[in-house]
Each structure stands twice: as C-alpha cells, then as structure tokens.
Amino acid sequence: MVQKYQSPVRVYKHPFELVMAAYERRFPTCHLIPMFVASDVVDEETSEDGATHKIERRCALDVDAPRLLKRIAGVDYVYFIQRNTLNRKERTLHIESHNETFSNRVIIHETCCYSVHPDNEDWTCFEQTASLDIKSFFGFESTVEKIAMKQYASSIKKGKEIIEFYLKELEDEGITHVPRWSPSALPQLLPRPSSLSASAPALPKPAAAPAASVPPAADARDGAAHDAKQDGGALPADGQSETSAGTPDDKLDADYIKRYLGDLTPLQESCLIRLRQWLQETHKGKIPKDEHILRFLRARDFNMDRAREILCQSLTWRKQHQVDYLLETWTSPQVLQDFYTGGWHHHDRDGRPLYILRLGQMDTKGLVRALGEESLLRHVLSINEEGLRRCEENTKVFGRPISCWTCLVDLEGLNMRHLWRPGVKALLRIIEVVEANYPETLGRLLILRAPRVFPVLWTLVSPFIDENTRKKFLIYAGNDYQGPGGLLDYIDKEIIPDFLGGECMCEVPEGGLVPKSMYRTAEELENEDVRLWTETIYQSASIFKGAPHELLIQIIDASSVITWDFDVCKGDVVFNIYHSKRAPQPPRKDPLGTHGIASPGGNNVQLIDKSWTLGQDYSMVESPLTCKEGESVQGSHITRWPGFYILQWKFHSMPACSATNLPRVDDVLATLQVSSHKCKVMYYTEVLGSEDFRGSMTSLESSHSGFSQLSAATTSSNQSQSSSMISR
C-alpha cells in the first residue's frame, strides 16, 4: 500500500530571498540533522540572465534503523537524488527528490515548493508532498513502513526549526535583507552551491547494494527531503479567526491548524488535508468545516478510508434531513420546554460548553407518549447542533481550539420507571444516531448521584456507545462528587448548580410528570413521525437489475426547465431522460419477489411499458450518464416540447473486457459489493418556468430551487436546447 503525505501550508514571515539564504546554509551538511552525512553537486546550470538556477545533488543519509535490518540490507548509507530549480524572477524554489538506493524495491518520491505568500510579498510559503511505496523488503515490509513513517514525521517537525535556526544565524551576522533579483544585478549574498560543495566532505563510498533496503530509504525520504522540510510557519501573531488567512488557494495553513484545530502530528495534518481535498473534488460546493472533518478522523484513529466512509454516510444523512438548517427551522414543542430536564449552563474549566441533564427528574415515558421518538430525536439533534455552534464560539472567546463539550448527568430520582421499554428503545436509537453523526463531540461525561438501578441501565446502553466515548465517562455514587477528584476538578465553584449544592441558579427545567391528557394515540404518533421525517425535499428509491426507477414529469409549456439533484448512495447507476407524447400507463411497482427483497413501498416504480419502442413511442433527450457510488449529481434540461418526460435511474451493468469478453477483476469486485444487484439513490426534482431560471441556460441556480449545498456543478454540456451538469 502506498503511504502518502501532504503538508499544510507553512508560512515564514520573512522575504523569499532571505529564506533562500537560510536554506542554502544547510548544505553541504547540517549539524542539526545528524543523519544527513554529506552531499555532492552532480549537475548545475544557470540561465544567461541569472534568473534561473538548477542544481542536482546526491545526498547520503545514515538512517536510524535497527542494526540487524541494515546488515540484511547490506548498506550503511542510503542515497538520494535531489533536484532544485530556483527561479529568482518568479521567486519560487521547486524541489524534487527520490531514492537512488534500492529503487527497485522501494519507491520514495517527494516534491516541495517555496513561494511568495499570495497576500504578503514579504512572507514565504512552503508546501510538500511525499509518497512511500514498499514493494518488497525480505518480509520486513510492515516494519520498514512503520520505521519510515515515524522517522519521516520526526524529520518534518525538525524542518521548521532548522530554517528558523539559520534565519537567526543570519540576523546575528547583521544580514536582515537580501535584494531581489533584477536583470542588471544578482544577489551577492547567496553563495553558489557548487562552491559550497567544494569544501564538502566526500560522500561515503556506497557499499554494494543488495537489492533491498527501505527503512533507510524511508528515512532517507526524511533526510533527502530535509531541505524541503525545513519549511516552517511563524506562530500565530494574533487571534484572527480567518480560517484561510495565509492559505493560498484555500489550502490549510499550519498556524491556522494549531490555533483553531489543535496540535496535530504531521501525519494527522496530512490525513486532514487529504480528506478535505477529496471532499472538495467530490462535492465541489459547501464542504463540512475543518473541525467536523477532524472529528470523524479522530473517531477512526486517522484511518482515511474508514473516516471517509462514515463521513460520507453522515453527509448524506444531513442532506436528506436538512440537518444544517435544524437550528433555524426547529422549534421545540411546549411540552419539551416544560418537561425536558436539560439545558446549557456556562462552561467547564477547560472552556468547553457545559450541558446539564437531570435525567432522574425526567418523565421519559410521558415524553415518549406525548411526543413520539422522532420529536425527541430531533430535539436531541438540535442540542448537538447548538453544541457545535457553542464550540466555535468558545474557540474564539478562549483563544484555543475547543471541539467538544462536557455533559453533566444528574441521576437523582432514577428508578425502574425509567426502564420502561419504549423509553429505553428511544434512548438507544438516539444514542445510535448521535454516535454515527456527532463523533468526538463529547469531551467528558460526569454522571452524578448514580443510584442502585443505574448498573441495569448501563448494561442496556453501554454496548451502543463507542469504546473511546465510554472512556470519557466519570461516574459518582451518592455524594462522592463533592469530595477530592469530584466536580470541583472539572467545573468552577461559581457555576456549580444550586441543586448540586452550588450557588449558581440553573435554568434547566425541574421536570415532573407529563399530564396524561397530553398523551397521544399510537396512530397519531405514527402519523406525526412520518410527517416529521418526510419534511425533507429528497426522496429515496431502490434500483435493481432489470427494475429501474422512473419518475414522470408532465410539461405543459415548452421551454420549461426540469432540474434534478441526486446522490448515488449505493451501487452504480445510469441516468436517462426520455420524452413521450402520450402518457404512460399508471405506475407499476416492481414486485421485487424475484430479488428476494421486500419493497419498502413505492420506492421502485416503472413507467415505460415493455411494448414501447425507443424512437417511436418515446425518445431519448439526453445522453445516458453513468454515475458512480458516492457521487452527487446536479443538472437541468430545457424542454423543447410539451408532453411527458421520464427520468430514469437504471442499474449499471459492468462491461466485459473487449479483448477476452471476460469480466475484469475490478468489475467483479465492484459487482460483489453491490449486494443482490441493488442500487439506491436519493433525489429531488423541480420544474421551473424559463423566467424563473436565473442566469445562463446552463445555470443550476433558481429562485425557487432547494438544491443541496453539499454539491455544485462543475462541468456542463450543451446539446441543442438542453443542458446537463454533474458534480463529482
């Protein structure tokens, strides 16, 4: 497996020319990097006007690897080739390095770039990318990879210190300015690298290299790229909350990460940047905030693939239920305002928002009977959304990253009444939804005055709580919370609620029994639940092999605009648009019996009669569009004729290899992933009059449109009077 690294943008608050002077001082050797033994200039070239200078070095590295591994590899040093291209006119330095030693077994490649800050010409930016591909290493591939990544991460952190060391050295020598390049004069401060190497220690003679060795190589990657890694960012100069300050092209700045996201290791920074880039390329529109992306990475121990999977599922869920707008659209029913015993209350000693829940005083049965599960779930979601908002606010107030909150649960009054089965069921469902969509938002859970019945409740709910979350639970029985290691260790005395013996008045409702006159029948609750969760503008549909899902749109006025927005949640589909002058027969639902799957009802409909002939009874008005799993698609079609338009989502069958007529391995694997040949899409459509369709004929914006903010169109194709767009 190829390991990749992408750095944030690191900013030096020094001019480019001065940073280059500091950079050159680390050659031919650098005492700050013990493993960097020596370097020789292999080739050098300067343009006639002196603006461009190219130099190639061969660097030797003494890698910190186990002696046994070095003996197996048969080498003492690892050699790297580094090519630098300095453009004094454009004020850029591009660095490319790769391993020479064991290149047939290990492939290490690194690129770095120093450039002028886009918003301040007296500052310098640094960025680097690297990849490590260990093809074989005597069965030690996994060990070598771990050693390589560990030492590379350490080398990256040293990079900043090294450049700053030489900048300070220049300052001590009275050198605080290096003139910029001009056609008439070259900077005299920068010594030519060849003259530096003249006094360099000779490169150690390479041992006959057996065909392998990567730990060194990996480290070499650290050392060879060391120059590049010498980049560093100046510490935040102020508490500005501009997340893009100092980040060219919307890239993450190292100082911004430290100020607003916390201390991350270089590899953790890389995971965040790469996942963020993937979201930008996939959704092309509004993407989650960096704090939100980071929570999903932390929840999966920075495993990119696992974090991406659960994040995409959560984004689809948020989009379907319009969770982004919950705080603006959701108003708690009066019964919740009166009897839900929870509320926000200042913050803890770490600056985290503090939420208090008096669960023992809550009539869970009464709330479930009066409201139903869905209203309770939506209320809890609004609490979580408010928690995210408060975390952002506290980050600005306290000047340090705050990404989670503290929850204080008072269990006084908890008894067997709270173990009412429907109530526990509702609680488990709420826990499941919150765990899936708000990971790493709970910093600490303080459970106070736990009664004897608590172990029973804990046994029921603990299996549904993530292990990392369970580690954040602190449980106190009786009045233990008042002693050493209790509440005062986490909450200031001034804000301890009055019902816990403090002096601060708490506005959390005291609860009580919900009047039975407010109870509703099972039928009323069921209808209300359906109404609540179908307030989404999106609909879901299942597609099977041989059973497409089709949607009928009748157009009366020509030149109307049909718009669509859909996500492919599972499998690959082909999207088609057809036109017919005559109305199809009433929709028929696929029995699905042949697929062995029970239809959820109305989510798979076919309209095109099997007796119809394409080109006679109906015609295709857009070219078929193949959409892969996980893609978001938006588009529009300007109708030419009145009549009936059919939007069709069809199962995408994998084509066989043209040479052998046998399926490709990738196709077989993809087919196996689509269980029972089933695909699923979530879609929204809208018909607009041409006068309501803003902008050009290829614009997707509409004054009435409710398109998702997670996606925006990026490519378009015009076909006569139609247009389609897809964002992936």
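Residues numbered from 1 in each chain as written. Predicted model: local features only at pLDDT ≥ 70, side-chain atom pairs only at ≥ 80, totals over all residues. Heavy atoms only, no water.

**Digging into unusual backbone geometry**
Rules: Segments assigned H or I by DSSP are reported as helices when at least four residues long, segments assigned E as strands when at least two residues long, and all are numbered from the N terminus.
Cis geometry marks the peptide bond from F27 to P28; its omega dihedral reads 5°. Backbone geometry places S559, a non-glycine residue, at a positive phi of 70°. Tracing the backbone shows S559 in the loop between β15 (549-555) and β16 (561-570).

**Topic: the sheet that holds strand β11 (residues 405-410)**
The criterion, for reference: Strands are labelled as partners when DSSP assigns at least two bridges between them. In this description, a line fitted to the C-alpha atoms serves as the axis of each element, helices being fitted only across the stretch in contact, and the angle between N-to-C directions of two axes falls anywhere from 0 to 180 degrees. Between two residues, a contact is recorded if the distance between any of their heavy atoms is within 4.5 Å.
Strand order in the open sheet formed by five strands is β9-β10-β11-β12-β13, and the pairing between neighbours is mixed. Looking at strand neighbours, the two that pair on one side only are β9 (342-347) and β13 (473-477), the edges of this open sheet. Averaged over all pairs of adjacent strands, the angle between their axes in this sheet comes to 20°, without regard to strand direction. Judged from the four bridges that link them, strand β12 (residues 442-450) and β13 form a sheet pairing that is parallel. Counterpart to L445 in the pairing with β13 is F473. Relative to β9, helix α14 (residues 373-398) is tilted by about 5°, and along the sheet it contacts β9, β10 (353-357) and β11.

**Some details on the packing of helix α9 (residues 290-299) against helix α10 (residues 304-320)**
To be explicit about the condition: Any angle that falls under 35 degrees is termed roughly parallel, while one over 145 is termed roughly antiparallel, one within 65 to 115 roughly perpendicular, and all others oblique. Rotating anticlockwise by less than a right angle from the far helix to the near helix defines a left-handed crossing, while the corresponding clockwise rotation defines a right-handed one. Polarity classes work like this: nonpolar for Ala, Val, Leu, Ile, Met, Phe, Trp, Tyr, Cys and Pro, charged for Asp, Glu, Lys and Arg, and polar for all others, with Gly in that last group.
Their axes nearest at 8 Å, the elements α9 and α10 cross at an angle of 130°. Taken together, the axis directions place α9 and α10 in an arrangement best described as oblique. Two packed elements cross with a definite hand, and for α9 against α10 that hand is right-handed. Judged by residue contacts, H292, I293, F296 and L297 of α9 engage A307, I310, L311 and S314 from α10. Within the contact of α9 with α10, the residues separate by chemical class into six nonpolar, two polar and no charged.

**Digging into the environment of L359**
Within the fold, L359 resides in the loop between β10 and α13 (364-371). Setting aside anything within four residues of it in sequence, one finds L359 in contact with T341, T364, V409, D410, L411 and H418.

**Notes on helix α1 (residues 16-24)**
Here is the rule we go by: Burial here depends on accessible area, computed with a 1.4 Å probe over protein chains only, as a share of the maximum for the residue type. Under 20% is buried, over 50% is exposed, and the range in between is partly exposed.
Of all the nine residues making up α1, nine are buried; the element is thus mostly covered by neighbouring parts of the structure. F16, E17, L18, V19, M20, A21, A22, Y23 and E24 are the residues of α1 that are buried.

**Concerning the nonpolar core**
What counts here: Definition of nonpolar core: a set of buried residues of the types Ala, Val, Leu, Ile, Met, Phe, Trp, Tyr and Cys, connected through side-chain atoms within 4.5 Å.
Of all hydrophobic cores here, the largest spans 49 residues; its most connected members are Y340, L367, L376 and L411. Only α12 (334-339), β10, α13, α14, β11, α15 (421-437), β12 and α16 (454-461) provide two or more residues apiece to this core. Not counting residues up to four positions away in its chain, the partners in contact with L367 are V335, L336, F339, Y340, M362, G372, L376 and V514.

**Observations concerning the confidence of the model for the chain**
Put simply, the test is: What pLDDT conveys is the predictor's confidence in a given residue, as a value from 0 to 100.
Chain-level statistics for the chain give a pLDDT mean of 78 and a share of 75% at 70 or above. Looking over the chain, one finds the lowest element-wise mean pLDDT in strand β25 (residues 715-719), namely 32, and the highest in β10, namely 96. Within the model, the stretch residues 656-675 combines pLDDT values under 50 with 16 contacts to residues more than four positions away or in other chains. Here residues 694-728 is a poorly scored stretch, pLDDT under 50, and it has 117 contacts once near neighbours within four places are set aside; other chains count.

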